[in-house]
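Given next are the chains, with one letter for each unit.
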Amino acid sequence: MNQDHSRSSSLLSGRWRITEMDAWDAEAIDLVQPGYIQFSGDRQGEFGFIVVRGWMDCRPFQRDGQAGVEFSWAGDDDGDEAGGRGWAVLFDDETLQGHIFFHMGMDSAFVAKPYGDAGGEEWQ
(Lines give C-alpha, C1' and ligand atoms only; values in the text may rest on other atoms or scores of the structure.)
Protein backbone atom coordinates (compact mmCIF):
# COMPACT_ATOMS: atom_id res chain seq x y z
CA MET A 1 0.00 0.00 0.00
CA ASN A 2 1.48 3.38 -0.89
CA GLN A 3 1.92 6.21 1.59
CA ASP A 4 -1.19 8.15 0.44
CA HIS A 5 -3.34 5.05 0.89
CA SER A 6 -1.88 4.35 4.34
CA ARG A 7 -2.64 7.96 5.30
CA SER A 8 -6.23 7.63 4.04
CA SER A 9 -6.75 4.44 6.02
CA SER A 10 -5.39 5.88 9.26
CA LEU A 11 -7.40 9.12 8.98
CA LEU A 12 -10.68 7.28 8.49
CA SER A 13 -10.03 4.42 10.94
CA GLY A 14 -12.49 4.25 13.80
CA ARG A 15 -16.21 4.51 14.40
CA TRP A 16 -18.21 7.40 12.96
CA ARG A 17 -21.76 8.43 13.97
CA ILE A 18 -24.08 8.80 10.97
CA THR A 19 -25.88 12.08 11.70
CA GLU A 20 -27.66 12.71 8.38
CA MET A 21 -28.89 10.76 5.38
CA ASP A 22 -30.70 12.06 2.32
CA ALA A 23 -33.19 9.20 2.15
CA TRP A 24 -34.10 8.94 5.86
CA ASP A 25 -34.55 11.26 8.84
CA ALA A 26 -32.63 11.00 12.12
CA GLU A 27 -35.35 8.98 13.87
CA ALA A 28 -35.31 6.37 11.11
CA ILE A 29 -31.48 6.24 10.98
CA ASP A 30 -31.42 5.36 14.69
CA LEU A 31 -34.39 2.94 14.63
CA VAL A 32 -32.50 -0.10 16.04
CA GLN A 33 -29.32 1.56 17.29
CA PRO A 34 -27.49 4.83 16.64
CA GLY A 35 -26.45 4.85 12.97
CA TYR A 36 -22.71 4.29 12.44
CA ILE A 37 -20.00 3.48 9.95
CA GLN A 38 -16.68 2.01 11.08
CA PHE A 39 -13.37 1.50 9.28
CA SER A 40 -10.51 -0.68 10.49
CA GLY A 41 -6.91 -0.57 9.34
CA ASP A 42 -7.19 -3.95 7.61
CA ARG A 43 -9.36 -2.70 4.69
CA GLN A 44 -12.52 -3.88 6.43
CA GLY A 45 -15.41 -2.09 8.01
CA GLU A 46 -19.06 -2.24 8.91
CA PHE A 47 -22.09 0.01 9.17
CA GLY A 48 -25.56 -0.02 10.62
CA PHE A 49 -28.62 2.21 10.27
CA ILE A 50 -32.40 1.64 10.37
CA VAL A 51 -32.60 -2.20 10.04
CA VAL A 52 -29.61 -2.44 7.68
CA ARG A 53 -26.25 -3.93 8.64
CA GLY A 54 -23.34 -4.23 6.25
CA TRP A 55 -19.77 -5.52 6.25
CA MET A 56 -17.39 -3.68 3.93
CA ASP A 57 -14.38 -4.47 1.76
CA CYS A 58 -12.61 -1.07 1.62
CA ARG A 59 -10.11 0.47 -0.78
CA PRO A 60 -8.46 3.79 0.12
CA PHE A 61 -8.34 6.61 -2.44
CA GLN A 62 -7.96 10.38 -2.73
CA ARG A 63 -10.75 12.64 -4.03
CA ASP A 64 -9.89 16.28 -4.71
CA GLY A 65 -6.94 15.96 -2.33
CA GLN A 66 -9.09 14.55 0.50
CA ALA A 67 -8.59 11.14 2.10
CA GLY A 68 -11.31 8.69 1.19
CA VAL A 69 -12.39 5.09 0.86
CA GLU A 70 -14.45 3.20 -1.69
CA PHE A 71 -16.14 -0.02 -0.63
CA SER A 72 -18.32 -2.90 -1.61
CA TRP A 73 -20.56 -4.34 1.05
CA ALA A 74 -22.65 -7.39 1.91
CA GLY A 75 -25.12 -7.70 4.74
CA ASP A 76 -28.81 -7.70 5.48
CA ASP A 77 -31.79 -5.38 5.39
CA ASP A 78 -34.32 -6.46 8.02
CA GLY A 79 -33.22 -10.08 7.62
CA ASP A 80 -33.10 -10.07 3.80
CA GLU A 81 -29.75 -10.45 2.08
CA ALA A 82 -28.46 -7.11 0.78
CA GLY A 83 -25.33 -5.66 -0.72
CA GLY A 84 -23.94 -2.85 -2.78
CA ARG A 85 -21.17 -0.29 -2.88
CA GLY A 86 -20.28 3.13 -1.54
CA TRP A 87 -17.67 5.71 -0.79
CA ALA A 88 -16.73 8.17 1.94
CA VAL A 89 -14.42 11.20 2.03
CA LEU A 90 -12.96 12.98 5.05
CA PHE A 91 -13.24 16.77 4.95
CA ASP A 92 -11.00 19.24 6.82
CA ASP A 93 -13.63 19.87 9.46
CA GLU A 94 -13.46 16.16 10.42
CA THR A 95 -16.76 15.43 8.77
CA LEU A 96 -17.13 12.24 6.78
CA GLN A 97 -19.38 12.57 3.73
CA GLY A 98 -20.28 9.74 1.43
CA HIS A 99 -22.87 7.67 -0.35
CA ILE A 100 -24.21 4.14 0.16
CA PHE A 101 -25.78 2.26 -2.76
CA PHE A 102 -27.96 -0.86 -2.50
CA HIS A 103 -27.52 -3.24 -5.43
CA MET A 104 -30.57 -2.80 -7.70
CA GLY A 105 -32.23 -0.55 -5.09
CA MET A 106 -32.12 2.66 -3.12
CA ASP A 107 -29.14 4.86 -2.37
CA SER A 108 -28.45 7.68 0.03
CA ALA A 109 -25.82 10.29 0.75
CA PHE A 110 -24.71 10.46 4.38
CA VAL A 111 -22.80 12.66 6.80
CA ALA A 112 -20.94 11.22 9.80
CA LYS A 113 -18.87 12.65 12.65
CA PRO A 114 -16.39 11.01 15.02
CA TYR A 115 -18.35 9.39 17.86
CA GLY A 116 -16.98 11.74 20.53
CA ASP A 117 -18.17 14.76 18.49
CA ALA A 118 -21.65 13.49 17.65
CA GLY A 119 -23.63 14.16 20.79
CA GLY A 120 -21.54 12.26 23.31
CA GLU A 121 -22.79 8.76 22.52
CA GLU A 122 -20.42 5.93 23.28
CA TRP A 123 -20.36 2.76 21.23
CA GLN A 124 -20.10 -0.85 22.25
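These numbers were taken from a predicted model, which means no experiment stands behind them.

Criteria and thresholds
- Residues numbered from 1 in each chain as written.
- Predicted model: local features only at pLDDT ≥ 70, side-chain atom pairs only at ≥ 80, totals over all residues.
- Heavy atoms only, no water.
- Phe/Tyr/Trp six-rings, centres within 6.5 Å; stacked < 30°, edge-to-face > 60°.
- Helix = DSSP H or I, 4+ residues; strand = E, 2+ residues; numbered from the N terminus.
- Buried < 20%, exposed > 50% of the residue type's maximum accessible area, 1.4 Å probe, protein only.

S.K.: Describe the packing of aromatic side chains, naming the residues involved and giving the relevant values.
M.R.: Inspection of the entire model under this criterion finds four aromatic pairs. Considering the side-chain rings of Trp-24 and Phe-49, the 5.6 Å spacing of their centres and the 40° angle between planes classify their relative orientation as tilted. Here Trp-24, found in the loop between β1 (14–21) and α2 (26–29), pairs with Phe-49, found in strand β3 (residues 44–49); they are 25 residues apart in sequence, far enough to count as distant. Of the two residues examined, Trp-24 and Phe-49, each falls in the buried class. Arranged with centres 5.0 Å apart and planes meeting at 75°, the rings of Phe-47 and Trp-73 form a pair that is edge-to-face. Placement of the pair is Phe-47 in strand β3 and Trp-73 in strand β5 (residues 66–77), with a sequence separation of 26 residues. Each member of the pair Phe-47 and Trp-73 is classed as buried.

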